[in-house]
Structures are given as C-alpha cells and as structure tokens.
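Report on the structure
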Amino acid sequence: MDTLLDRFLRYVKVDTQSDETSPSFPSTKKQLDLSRMLCEECEQLGLEDVTISEYGIVMATIPSTVEGDVPAIGWVAHVDTSPEFSGTNVKPVVHENYDGSDLVLPGDTSRVLRVSEEPRLKEMVGKTVITTDGTTLLGADDKSGVAVMMSAAAHLMSDRSIAHGPIRLCFTCDEEIGRGIEKLDLDVFGVCCAYTLDSDGSGRIDSETFSADQAVITVRGVNTHPSVGKGVMVNAIRILSDLISSLPTETLSPETTDGRDGFIHPYHIEGGVAEASARLILRDFETEKLAEYAGLLDSLAQPLREKYARAEIKIDVHKQYRNMRDGLVKEPRALEKAIEATRAAGLEPNLNIIRGGTDGSLLTEKGLPTPNLSSGQHNPHSPLEWTTVEEMEKAVDVLVQLAILWGQER
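Only a predicted model underlies this, so the values are computations on that prediction, with no experimental measurement involved.

With that settled, consider the overall build of the protein chain. When helices and strands are tallied, the protein chain shows nine helices and 17 strands. Rg of the C-alpha trace for the protein chain: 23 Å, near the compact-globule value of 22 Å for 410 residues, within the 12% margin. Reported as C-alpha extents along the three principal axes, the dimensions of the protein chain are approximately 80 × 45 × 35 Å. Across the 410 residues of the protein chain, 55% fall into the buried class. Counting only contacts in the protein chain whose residues sit at least 6 apart along the sequence, the fraction spanning at least 24 positions is 79%. Carbon and sulfur atoms make up 49% of the accessible area of the protein chain, which totals about 17200 Å². Averaging the coordinates of the 40 positive side-chain charges in the protein chain and doing the same for the 66 negative ones gives two points 4 Å apart.

This is the structure we're talking about:
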C-alpha cells in the first residue's frame, strides 16, 4: 500500500509547471499527466463520481458513512507548479532522521538550506525532511496538498467505521497563474464550503489573502542601426528601465514589507530596442489600495511620456483575485470547524493571513467560502523548497477530523 511519502515522491517527479503567457487551459499540457494519474488513483481507491474534465480538473467523492442529510464539504489542491523556477526533472532528496545541520543540496552545492536563514528547521530534528537536489523547485507547493488529500481519502476509504458526510475532492490546474478555478463548475462541485491545502508549516489556518492585480507595462520605441541612431532611435529598454528604477524601494516592495503591508513587484522583463515589456504584481490586503498602486505606475510613466514623445508607454492592469476575508462570513462554520479540527488533531491553531493567494481566494469571491490549511510546504517557488513527512501527516489528521466534525452536522 502506498504511503504518504510514496505518493508525494511520485507526484513531484511529474513536471507540471504552468505558463502565464499561454492562452490555453491548462496553460501547459503536461499538467494533464498528473491530473490523469490522480483520476486513476481515485478510481483505484474506490472513490465515487470520479471525473476529469477536458481542462484537467479532477473531481471525486468520498461517500458518506452516516445516514441523513449531511452537508458535503470540499478539499482542493492544485497540480501545477510555479513558472518562477524550473520544475523539470525534479530529484527529491529524503533526509531521514534529520540532525539539525545545514543541508547542502547535492545537485548544486552552491545552494545550501541554512538553519540560520530557515529557523523552522530547528523544530524538525529527528523528522524526515524532503528537499530538492538544488537544480529545480520541489513542487511541495502544492503537491504536498495533493499527497495529503489522497492520503486522507485512502484512510477514510479503508476505515468505513469513521462517521463522516460526503467529501468532494477537487484537483485544479493553473493555480500558480491565477486561473485555478476558471473552468470549475461550482454546481457540479456541490459543496457548502471547501478547504484548500496550500499553506505552509503545520496547524495554520489562513482566513485572509492578498487582493491581487497584474500590471503589464509595454514600451514601444523606434529602432534603427546604432551607427545612425542619433535623433532617430528611441530605446524602449532604456525607457522601461527608467520607469522600473523609479519605483519605491524602501517601501512597497516585497524586499521591504511584511505583515499587512502591500507592494508593487516587477518580476519579469523582456524585449529589445523597438519594444520592451515588464510584468508586475500589485498586492494589498485592502482591495482599494490596488487602484492607488496602478495610479502610481501611471504617474511614474507620465514624465517619461513627455520626455520621449515618440515612444508609446502603455500600462494594462488585470484583476487576479481578492481577499477572502469578507466572503468567509457567508458560512462561519468553515472557519469554526477548521479551528476545532486542528485542535482535535493535536495542534494549536494558528489563525493567519497569507501574503499571496490561493484557489480559495477565487472560490470565496465566487460565493464558496474556502479557508486555506497547512500542507507542510516551506520556501515555495524556490530551489530551497522543502517539506517534512510529519507535517504532511498532521495535515492528513486535520482533514480526517474535519470529515468527522462535518459528519455531525444536520
């Protein structure tokens, strides 16, 4: 029988990196490889109503073991990994009985997981830590959540004496690029609330996320041979560089903010003399602040428009997701039972905010309250990403307790 570790190692070796520049859904066909695998595994476990859509969304039901009309709840995890670092040819490294020392990653020894920089490692002595070899990300975001959900489903299917109501599993694609529930039919999902398994550590319950927009700055210049460039060339690279360098650095940047502070983050730049573009993310817990950040970008662009009259500077802002805070009040039991289940699993609940977003942000905005729960991941989107078997096992315990608590509702 598969263990949680078996599942996790199998899933992370499947390349599922998404691509925000792709117009297709899913944005990369390789995500379907894991979706199909999960569909087959759900069927092998005996889950009911197992489906996979043309968009790679997998749904299945753990059937109820109690009589009567009991609310159905959902568990959600995403199969894709971040476009920010390679997810190809992942080689997970299992450090059994971790001794508390720095971890040199064998595929790239310049990359070291240092305890001084990652103090949470001090709490993991004696546990089974899993890292990458340093050449890719690990994919614990969110394949730890995938493994946790599948392991919890396997546990509930193997022990039908556990009293619980119907539980719907949902695996999405393209969460990392903000499209995770774009093709999800909530009526087909059919639950009163859901839980994403996409937060770090153990015992954490996220009830707020950032609100988020994306800004794309496009500068169009005039290219010519540099030997005759005087009075003719308008270099889009220089103009875009001037705009980006005028952004605040002491505030409003990820490097200088934490807690509830928002930011403007340029994360991708490309182009040439004739045209250059940058992609930025705008983030804040107060949605109205996003319009202020977009206004700041435009105000920084205006002097450049005046200075370079022959250039075109265009800023397009696209909505991504919104803070789940307000939508959770629609079903207060969602948070209440997450707290109770965490305690029942032997953990101290850590009610928190997440400086990012999840499928739960979008689901909650669409009317389905969806808090975010720990799945054991750490350092997402990085070759220094890691997790532990024990934290994932605790996340399984929380899901089982959630199932029991919701099974008592009528």
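Of all residues except glycine, most have a negative phi; of all peptide bonds, most are trans. With an omega of -5°, the peptide bond running from Phe-25 to Pro-26 counts as cis. Among the structural elements, Pro-26 can be located in the loop between helix H1 (4–12) and helix H2 (31–45). Going from Asp-141 to Asp-142, the amide bond is cis rather than trans, its omega being 15°. Non-glycine residue Asp-174 carries a positive phi angle of around 65°. Structurally, the position occupied by Asp-174 is in the loop between strand S8 (167–172) and helix H4 (186–189). Owing to a relative accessible area of 0%, Asp-174 belongs among the buried residues under this scheme. Positive phi, normally seen in glycine, also occurs at Asn-379, with a value near 55°.

Quick look at the nonpolar core now. Grouped together as the largest cluster of nonpolar side chains are 58 residues, with contacts concentrated most on Trp-75, Leu-169 and Phe-171. If you tally residues by element for this core, the top one is helix H9 (residues 389–406), at 11 residues. In this view, Leu-169 contacts Leu-47, Val-58, Met-59, Ala-60, Ile-62, Trp-75, Met-149, Met-150, Ala-153 and Phe-189; residues no more than four positions away in its chain are not counted. Core analysis: the second largest hydrophobic core is formed by 24 residues, Leu-243, Ala-276, Leu-280 and Leu-304 among them.

Our focus in this paragraph is the sheet that holds strand S16 (residues 372–377). Here eight strands make up an open sheet; going across it, the order is S1-S2-S8-S3-S9-S16-S10-S15 and the pairing mixed. Of all the strands in the sheet, the pair left with one neighbour each is strand S1 (48–52) and strand S15 (350–354). Averaged over all neighbouring strand pairs, the angle between strand axes comes to 30°, with direction disregarded. Relative to strand S9 (residues 193–200), strand S3 (residues 73–78) runs parallel, the two sharing four bridges. Bridging from a neighbouring strand, Trp-75 pairs with Tyr-195 of S9. Sitting on the sheet, H2 touches S1, strand S2 (58–62) and S8, and the angle it makes with S1 is about 165°. Across the face of the sheet, helix H3 (residues 140–158) comes into contact with S2, S3, S8, S9 and S16 while running at roughly 140° to S3.

Another point: the packing of H2 against H3. Running from N to C, H2 and H3 point in directions that differ by 15°, and their axes come no closer than 10 Å. Considering the angle they form, H2 stands roughly parallel to H3. Here H2 and H3 pass one another in a crossing that is right-handed. Of the residues in H3, those in contact with Leu-34, Leu-38, Glu-41, Cys-42 and Leu-45 of H2 are Lys-143, Val-146, Met-150, Ala-153, Ala-154 and Met-157.

Turning our eyes to something else, we now look at the packing of aromatic side chains. The geometry of an aromatic ring pair is captured by the separation of the ring centres together with the interplanar angle, meaning the angle of the planes. Taken as a whole and assessed by the stated rule, the structure comprises three aromatic pairs. A centroid spacing of 5.8 Å and a plane angle of 80° characterise the contact between Phe-25 and Tyr-55, whose relative ring orientation is edge-to-face. Here Phe-25 is found in the loop between H1 and H2, whereas its partner Tyr-55 is found in the loop between S1 and S2, with 30 residues between them in sequence. Relative accessible area serves as the criterion here: at 11%, Phe-25 is assigned to the buried category. Between Phe-210 and Phe-263, the aromatic rings sit 5.4 Å apart at their centres with planes inclined by 90°, giving edge-to-face as the arrangement.

Relative to the elements of secondary structure, Ser-18 occurs in the loop between H1 and H2. Residue classification places Ser-18 among the buried residues on the basis of a relative accessible area of 3%.

Procedures and definitions
Residues numbered from 1 in each chain as written. Predicted model: local features only at pLDDT ≥ 70, side-chain atom pairs only at ≥ 80, totals over all residues. Heavy atoms only, no water. Helix = DSSP H or I, 4+ residues; strand = E, 2+ residues; numbered from the N terminus. Rg over C-alpha atoms; globule rule 2.2 N^0.38 Å. Buried < 20%, exposed > 50% of the residue type's maximum accessible area, 1.4 Å probe, protein only. Contact = heavy atoms within 4.5 Å. Areas by Shrake-Rupley, 256 points an atom, 1.4 Å probe, with all protein chains shown as cover. Lys, Arg positive; Asp, Glu negative; His and termini not counted. Charge placed at Lys NZ, Arg CZ, Asp CG, Glu CD. Core = buried A, V, L, I, M, F, W, Y, C linked by side-chain atoms within 4.5 Å. Pairing = 2+ DSSP bridges. Axes fitted to C-alpha atoms, helices over the stretch in contact; angles between N-to-C directions. Parallel < 35°, antiparallel > 145°, perpendicular 65-115°, else oblique. Left-handed = near helix turned anticlockwise from the far one by under 90°. Phe/Tyr/Trp six-rings, centres within 6.5 Å; stacked < 30°, edge-to-face > 60°.

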